[in-house]
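What follows is the residue order along each chain.
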Amino acid sequence: MHEIIQTVGYVFPNDRVWWSLMIVTYPYITGLIAGAFIVSSLYHVFGIKNLKPVARFSLIFALSFWFFCTAPLLNHLGRPDRAFNIMLTPHPSSAMAGFGFVYSLYGIVLILEILFLYRPVFVELMQTSTGIKKSIYKLLTLGVYDTSPEVLKSEHKIMSFLAAIGIPLACTLHGYAGFIFGGVKAVHWWFTPLMPVIFLLSASVSGIAGIILFYVIIAKYRKMEIDENCLKTLVKFLWGFLIADLVTEMLDLGVHAYLRVESWYIIEELLDKHLFFSFWILQVLIGAIIPFFILGWLSLSKKISKSTLIFWSSLSSFILLIQVYAMRWNVVVGGQMVSKSGRGFVFYHPQFFEKEGILPVLILLALPVVTLYILSKIFPLWENQDKKEVKV
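Quick caveat: nothing in here was measured; it's all calculated off a predicted structure.

Cut-off values and rules
Residues numbered from 1 in each chain as written. Predicted model: local features only at pLDDT ≥ 70, side-chain atom pairs only at ≥ 80, totals over all residues. Heavy atoms only, no water. Helix = DSSP H or I, 4+ residues; strand = E, 2+ residues; numbered from the N terminus. Rg over C-alpha atoms; globule rule 2.2 N^0.38 Å. Buried < 20%, exposed > 50% of the residue type's maximum accessible area, 1.4 Å probe, protein only. Contact = heavy atoms within 4.5 Å. Areas by Shrake-Rupley, 256 points an atom, 1.4 Å probe, with all protein chains shown as cover. Axes fitted to C-alpha atoms, helices over the stretch in contact; angles between N-to-C directions. Parallel < 35°, antiparallel > 145°, perpendicular 65-115°, else oblique. Left-handed = near helix turned anticlockwise from the far one by under 90°. Nonpolar A, V, L, I, M, F, W, Y, C, P; charged D, E, K, R; others polar. pLDDT = per-residue confidence, 0-100. Core = buried A, V, L, I, M, F, W, Y, C linked by side-chain atoms within 4.5 Å. Phe/Tyr/Trp six-rings, centres within 6.5 Å; stacked < 30°, edge-to-face > 60°. Salt bridge = Lys/Arg side-chain N within 4 Å of Asp/Glu carboxyl O. Bend = angle between axes of the 7 residues up to and from the residue. Patch = residues over 30% accessible without salt bridge, like charges linked within 9 Å, V, L, I, M, F, W, Y side chains within 5 Å.

### Regarding the overall build of the protein chain
Right, on to step 1. Scanning the protein chain from N- to C-terminus turns up 13 helices and 2 strands.
Right, on to step 2. Its C-alpha radius of gyration of 22 Å places the protein chain within 12% of the 21 Å reference for a compact globule of 392 residues.
Right, on to step 3. In terms of its C-alpha atoms, the protein chain occupies a principal-axis envelope of roughly 70 × 55 × 35 Å.
Right, on to step 4. Counting the 392 residues in the protein chain, one finds 52% classified as buried.
Right, on to step 5. When contacts within the protein chain are restricted to residue pairs at least 6 apart in sequence, long-range pairs at least 24 apart make up 80% of them.
Right, on to step 6. When the accessible surface of the protein chain is split by element, carbon and sulfur atoms take 69% of a total near 18,800 Å².

Listed below in structure tokens is the structure:
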């Protein structure tokens, strides 16, 4: 690694930021996966009909990011070829191997749910396609071409069951990241039982925000109509999860500030001085407070134009995606900035072209978007995708 490391105060010789920008990006991607799956489950499991227009899209969105969930970790490892050893020889007392098992099981459930959901669509598209596309659809049907009401009803029950068990798996997939950080006793900024909850709530925020933003962008690009009821329902859920996330984070911080244990004094200096902009300004004020009021206005207002709803919900979603990444930065990097001596700080400045720098992160975040575009050529994202689309 070629990052720039600076120190202030008394620090030990081995103090440095070991978990860099890649480890910031890893929980960010898992959060998008979990949040997007929750959106799909709100329709398939809880029967919220207004979310039907994005039910398919959210599953393919989750799958696109699932493909690259492990990429930041593999890039961070010095020997990525040894990554499977932690799963082949797991130790009962180690939580690290758990991610591999949860990630694999969740991927199986996600792919099966998508195949059951799309099988009737594949059968129909197989009859109207030619060449390699026809072969792909034939393969994805798994040799089952029956689309009778009885078969579809049975498959719907199986799909609902998969969606139901997928909810705790998706929550575990991301809550696990918070568990890893919350279990590090030596880092006072991380050591709290609320860390998995905070990670999970922020994951829901980023996932719903991602669905809103990409739904609007793709709809504008394809000149298709945006479902106003669907968008407003997404905004309400986004506002609710944002409230829960913000309150939980501030309560956790407030408890630390009230108890004022020995570690609080150096955390206080960290937040009020070294992380002042990234935490108080970017994460809390710009990233949370401003979207809180915008989303509240959009959710409670009964007389609001469709264009206004689209613009402000998209803007809020974009801000919240940045806010959640800032939160990951403040937790992952900020926690490591405190020296083990308790009397100094270590600063990490990622470079643009380094192995775990800004450019690789941008590429990793762009790859799921490219994958989503490719998958959209095979998996229709909306039920009316084959029909004539009208301008928003």
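Structure shown, so let's carry the discussion forward.
### Considerations on the packing of helix H5 (residues 96-128) against helix H7 (residues 149-182)
When two helices pack together, their arrangement is given by the angle between the helix axes and the distance between those axes.
Right, on to step 1. Where H5 meets H7, the closest approach of the two axes is 8 Å, and the angle between their N-to-C directions is 155 degrees. Regarding the angle of H5 to H7, the classification is roughly antiparallel. The hand of the H5/H7 crossing is left-handed.
Right, on to step 2. Here the residues of the contact of H5 with H7 sort into 24 nonpolar, 3 polar and 3 charged.

### Topic: the confidence of the model for the protein chain
Right, on to step 1. With 94% of its residues at a pLDDT of 70 or more, the protein chain shows a mean pLDDT of 90.
Right, on to step 2. Predicted confidence for residues 386-392 stays below pLDDT 50, and this span has 14 contacts to residues more than four positions away or in other chains.

### Here we look at the nonpolar core
Right, on to step 1. Counting residues in hydrophobic clusters, the biggest one holds 125 residues, and the most contacted among them are Ile33, Phe57, Phe61, Tyr106, Leu110, Leu234 and Phe379.
Right, on to step 2. In terms of residues, this core owes the most to one element, helix H1 (residues 21-44), which gives 16 residues.
Right, on to step 3. When residues no more than four places from it in sequence are discounted, the contact partners of leucine 234 are Val39, Leu51, Val54, Ile208, Ile211 and Ile212.

### Let's talk about the packing of aromatic side chains
Right, on to step 1. Considering all chains together, one arrives at 28 aromatic pairs under this definition.
Right, on to step 2. Plain terms: the ring middles of tyrosine 118 and phenylalanine 379 are 5.2 Å apart, the flat faces sit at 85 degrees to each other, and that makes the pair edge-to-face. Note that tyrosine 118 is positioned in helix H5 and phenylalanine 379 in the segment after helix H13 (358-376), a separation of 261 residues in sequence.
Right, on to step 3. Taking the relative accessible area as the measure of exposure, tyrosine 118 reaches 0% and is therefore buried.

### Details of the pattern of salt bridges
Right, on to step 1. Overall, the coordinates contain 5 salt bridges when judged by the stated rule.
Right, on to step 2. Here glutamate 225 makes a salt bridge to lysine 306, at a shortest N to O gap of 3.9 Å. Of this pair, glutamate 225 sits in the loop between helix H8 (195-222) and helix H9 (228-259) while lysine 306 sits in helix H12 (residues 306-337), and the two are 81 residues apart along the sequence.
Right, on to step 3. Of the residues examined, glutamate 225 reaches a relative accessible area of 48% and is grouped as partly exposed.

### Considerations on the side chain of serine 314
Right, on to step 1. Mapped onto the fold, serine 314 is located in helix H12.
Right, on to step 2. Judged by relative accessible area, serine 314 falls into the buried class, the value being 11%.
Right, on to step 3. Once residues within four sequence positions are removed from consideration, serine 314 is found in contact with Leu213 and Val216.

### So, the environment of leucine 309
Right, on to step 1. Inspection of the secondary structure puts leucine 309 in helix H12.
Right, on to step 2. Separated by 74 residues in the primary sequence, leucine 309 and valine 235 place their C-alpha atoms 9.1 Å from one another.
Right, on to step 3. Excluding residues within four positions of it along the chain, leucine 309 makes contact with Glu228, Leu231, Lys232, Val235, Leu298 and Ile304.

### Quick word on helix H11 (residues 276-300)
Right, on to step 1. The largest bend in H11 comes to about 35 degrees, at leucine 285.
Right, on to step 2. Close packing links the buried residues of H11 with H9, helix H10 (264-274) and H12.

### As for the side chain of threonine 233
Right, on to step 1. Summarising the element assignment, threonine 233 is placed in helix H9.
Right, on to step 2. Threonine 233 gets classed as buried once you look at its relative accessible area, which sits at 11%.
Right, on to step 3. When residues no more than four places from it in sequence are discounted, the contact partners of threonine 233 are Ile48, Asn50 and Leu51.

### Considering the packing of H9 against H12
Right, on to step 1. In the contact formed by H9 and H12, the axes pass within 11 Å of each other and the chain directions differ by 30 degrees. Classified by chirality, the crossing of H12 by H9 is left-handed. In contact with Glu228, Leu231, Lys232, Val235, Leu238, Leu242 and Glu249 of H9, H12 contributes Lys306, Leu309, Ile310, Ser313, Ser317, Leu320 and Met327.
Right, on to step 2. Residue composition of the contact of H9 with H12, grouped by class: 8 nonpolar, 2 polar and 4 charged.

### Side note on a nonpolar patch on the surface
Right, on to step 1. A surface patch of nonpolar side chains, about 450 Å² in accessible area, is lined by Val255, Tyr258, Leu259 and Val261.
Right, on to step 2. Its place among the elements puts tyrosine 258 in helix H9.
Right, on to step 3. On the basis of relative accessibility, which here comes to 72%, the residue tyrosine 258 falls in the exposed class.

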